[in-house]
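Residue-level listing of the chains:
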Amino acid sequence: MQIKWAKLKLIYIIRYMKKIEVNIEISKNSNIKYEYDRKSNKIKVDRILRGDFKYPANYGYIKEALDWDGDELDVLVYSSESFLPGTSLDVRIIGAMKMIDSGETDTKLIGVHADDYRLDNINSLKDVDKMWLQNVKNFFTTYKNFKGEGITKVTGFEDINWAENEYNECCHLMEKYGQMDKDKFIEKMKKEHPEKYI
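Residues numbered from 1 in each chain as written. Predicted model: local features only at pLDDT ≥ 70, side-chain atom pairs only at ≥ 80, totals over all residues. Heavy atoms only, no water.

(A) Looking closely at the environment of Val-154. If you trace the backbone, Val-154 turns up in strand 9 (residues 152-158). Residue classification places Val-154 among the buried positions, given a relative accessible area of 10%. Each C-alpha atom of the pair Val-154 and Thr-142 lies 9.8 Å from the other, and the pair is 12 residues apart in sequence. (Helix = DSSP H or I, 4+ residues; strand = E, 2+ residues; numbered from the N terminus. Buried < 20%, exposed > 50% of the residue type's maximum accessible area, 1.4 Å probe, protein only.)

Following this line, the structure appears as structure tokens:
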């Protein structure tokens with residue numbers, strides 16, 4: 001009975017996380033770091049990546065979810081296509097990558113384009129090419145090494161249950177603190193939730 005309930009719960013979560021709107025900031029294979037600015041409602045050029053670094057996936061954000069770093073919750077979109085910055089698409093969330101950036105929790109949800117029939121068979125990280133996951137981990141572990149090693153740290157990958165909890169938590173943060181200045185938000189959260197900051 002317990003196993004059956006666990007399966008039913010997983011089916012519900014998969015359906016619930018099937019169509020989350022993701023706004024693209026950075027195209028796959030881009031060496032330009034774009035970033036959405038909530039105050040101006042614009043996507044701005046943040047910097048050019050050093051060396052031969054290029055983003056291994058389309059990189060976007062969920063507008064209704066605020067992560068602990070004071071920015072919208074990030075999403076890596078697994079696809080063979082490159083989507084233009086400023087576009088949006090429905091994404092089926094399949095897991096998450098846990099990451100620390102400059103001492104702040106900076107989670108990346110992982111999903112696939114929900115309207116690409118070629119990806120209908122992908123419902124969890126187990127269905128994704130393991131080399132792709134390794135490339136993503138390597139990229140986000142090293143792409144800021146020009147500032148010094150250890151600036152970013154990937155601490156592991158998590159399943160869809162974990163990803164759903166993170167999404168819900170970040171939606172709550174946006175609802176409660178979305179209008180707060182980013183620096184003031186981080187200052188407040190460091191005092192109230194020190195476990196999210198290393």
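(B) Main features of the side chain of Lys-196. One can find Lys-196 in the segment after helix 4 (182-192). Its relative accessible area of 19% is what places Lys-196 among the buried residues. If we skip the residues at most four places from it in the chain, Lys-196 touches Trp-68, Gly-103, Glu-104, Thr-105 and Glu-169. (Contact = heavy atoms within 4.5 Å.)

(C) Molecular detail of the packing of aromatic side chains. Tallied over the entire structure, the rule returns 12 aromatic pairs. Ring plane angle 70° and centroid distance 6.0 Å describe the contact between Phe-53 and Phe-139, whose orientation is recorded as edge-to-face. On the criterion of sequence distance, the pair formed by Phe-53 in the loop between strand 3 (42-48) and strand 4 (58-66) and Phe-139 in helix 2 (residues 130-142) is long-range, its members being 86 residues apart. Judged by relative accessible area, Phe-53 falls into the partly exposed class, the value being 27%. A relative accessible area of 6% places Phe-139 in the buried class. Centre to centre, the rings of Tyr-55 and Phe-139 are 4.9 Å apart; their planes meet at 55°, and the pair counts as tilted. With a gap of 84 residues between them, Tyr-55 in the loop between strand 3 and strand 4 and Phe-139 in helix 2 connect regions that are remote in the sequence. An aromatic cluster is defined as three or more aromatic residues linked by ring pairs; in this entry it consists of Phe-53, Tyr-55, Tyr-59, Phe-139, Phe-140 and Tyr-143. Over the face of the ring belonging to Phe-146 we find Arg-50, whose NZ or CZ atom lies 4.1 Å from the ring centre. (Phe/Tyr/Trp six-rings, centres within 6.5 Å; stacked < 30°, edge-to-face > 60°. Lys NZ or Arg CZ within 6 Å of the ring centre and 35° of its normal.)

(D) Quick peek at the pattern of salt bridges. Applying the stated criterion across every chain, the model contains 16 salt bridges. Among the salt bridges present, the one from Glu-187 reaches Lys-191, with a minimum N-O distance of 4.0 Å. Taken together, the residues Glu-187 and Lys-191, both in helix 4 and four residues apart, mark about one turn of the helix. Salt bridges sharing partners connect three or more residues here, namely Asp-74, Asp-106 and Lys-108. (Salt bridge = Lys/Arg side-chain N within 4 Å of Asp/Glu carboxyl O.)

(E) View of the nonpolar core. Formed by 23 residues in total, the largest nonpolar core has its most connected members in Tyr-55, Leu-76, Met-97, Ile-110, Trp-132 and Phe-140. Contributions of two or more residues to this core are made by strand 5 (72-78), strand 6 (88-101), strand 8 (108-113) and helix 2. The element that contributes the greatest number of residues to this core is helix 2, accounting for five residues. With sequence-adjacent residues up to four places away left out, Leu-76 is seen in contact with Ala-57, Asn-58, Tyr-59, Met-97, Lys-108, Leu-109, Ile-110, Gly-111, Val-136 and Phe-140. If you look at the next biggest cluster of nonpolar residues, it comprises 20 residues, including Ala-65, Leu-89, Ala-96 and Ile-160. (Core = buried A, V, L, I, M, F, W, Y, C linked by side-chain atoms within 4.5 Å.)

(F) Spotlight on the pairing of strand 6. Most of strand 6 sits inside the fold, with 11 of its 14 residues counted as buried. Across six bridges, the pairing between strand 6 and strand 8 is antiparallel. By the bridge assignment for strand 8, Met-97 is matched with Lys-108. Here strand 6 pairs with strand 9 via six bridges, running antiparallel. Across the sheet, Ile-100 pairs through a bridge with Lys-153, a residue of strand 9. Inspection of the sheet shows strand 6 paired to strand 7 (residues 104-105) by two bridges, in the antiparallel sense. (Pairing = 2+ DSSP bridges.)

(G) Geometry of the confidence of the model for the chain. A residue-level look at the chain finds 92% of positions with pLDDT of 70 or above and a mean pLDDT of 92. Here residues 5-10 is modelled with pLDDT under 50, and outside its nearest four sequence neighbours on either side it reaches two contacts, counting other chains as well. (pLDDT = per-residue confidence, 0-100.)

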